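# Understanding the architecture of this molecule
For reference, the chains in residue letters:
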Amino acid sequence: MKGHKNRTMYLLSEEELNKTEMSPRVKRILGVVEDDGYSIYNRTSILKSKKLGCYDCYRIFSLEDIHEDDWCDDGETLTYPYCGDDTVIGDASGLPITELFLKAASKATGLDRQR
């Protein structure tokens, strides 16, 4: 996972996240969820997290909810047991794990259009 020196870029207001049309700034910020590998090859970050979230189905859960067979990519990427997608991020990434953020990340990455 690539790190960012300035985590303040993730400070988005609820108003920005709730807008129907996202600004280029919000799209850019949320785009790092996929582009920087927060949801793939994330075993180290996931295991350090107290709260996990899936930006495909917007569920928030904890490590107790996952099993060893929920991992793919030789055990390095977590797939969410409910929806089976590799769209899980943990709070150890520095990203906020809230339903609002997960929905915004889904919108920014285009997952919401695939429904």
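Throughout what follows, the structure given in this document is the object of discussion.

The rules behind each value
Residues numbered from 1 in each chain as written. Predicted model: local features only at pLDDT ≥ 70, side-chain atom pairs only at ≥ 80, totals over all residues. Heavy atoms only, no water. Helix = DSSP H or I, 4+ residues; strand = E, 2+ residues; numbered from the N terminus. Buried < 20%, exposed > 50% of the residue type's maximum accessible area, 1.4 Å probe, protein only. Contact = heavy atoms within 4.5 Å. Areas by Shrake-Rupley, 256 points an atom, 1.4 Å probe, with all protein chains shown as cover. Pairing = 2+ DSSP bridges. Phe/Tyr/Trp six-rings, centres within 6.5 Å; stacked < 30°, edge-to-face > 60°. Lys NZ or Arg CZ within 6 Å of the ring centre and 35° of its normal. Disulfide = S-S within 2.5 Å. Core = buried A, V, L, I, M, F, W, Y, C linked by side-chain atoms within 4.5 Å.

### Brief notes about the overall build of the protein
Broken down by element type, the protein carries four helices and five strands. Seen in sequence order, the protein has helices and strands lined up from the N terminus as α-α-α-β-β-β-β-β-α. By residue count, 44% of the 115 residues in the protein fall in the buried class. Taking the contacts inside the protein whose residues are at least 6 apart along the sequence as the reference set, 63% of them involve residues at least 24 apart. Per element, the accessible surface of the protein, about 6,500 Å² overall, is 47% carbon and sulfur.

### A word on the sheet that holds strand β2 (residues 60–61)
Strand order in this open sheet of three strands is β2-β1-β5, and the pairing throughout is antiparallel. The outermost strands of the open sheet, each flanked by one partner alone, are β2 and β5 (88–90). Judged from the two bridges that link them, strand β1 (residues 52–54) and β2 form a sheet pairing that is antiparallel. By the bridge assignment, L52 is partnered in β2 with F61.

### As for the packing of aromatic side chains
Overall, the coordinates contain two aromatic pairs when judged by the stated rule. Taking the centre distance of 6.3 Å and the plane angle of 45° together, the rings of Y80 and Y82 count as tilted. Overall, Y80 belongs to the buried group, its relative accessible area being 8%. Of the residues examined, Y82 reaches a relative accessible area of 55% and is grouped as exposed. Grouped by ring-pair contacts, the aromatic residues F61, Y80 and Y82 constitute a single cluster. One cation-aromatic arrangement involves R59 over Y82; the distance from NZ or CZ to the ring centre is 3.4 Å.

### Thoughts on the state of the cysteines
Enumeration according to the criterion identifies zero disulfides in this entry. Here C57 stays free of any disulfide, with the sulfur of C54 as its closest cysteine sulfur at 3.7 Å. What makes C57 buried here is its relative accessible area of 18%.

### Some details on the side chain of N42
Relative to the helices and strands, N42 is located in the loop between α2 (24–35) and α3 (43–48). Overall, the relative accessible area of 1% leaves N42 in the buried class. Apart from the residues within four sequence positions on either side, N42 is in contact with W71, E76, T77, L78 and V88.

### Points about the nonpolar core
Listed in full, the 10 residues of the largest apolar core are I46, L52, C54, C57, F61, I66, W71, L78, Y80 and V88. Not counting residues within four places of it along the chain, the set of residues in contact with W71 comprises N42, R43, I46, L47, I66, E76, T77, L78 and T79. Listed in part, the nine residues of the second largest apolar core include Y55, Y58, I97 and L102.

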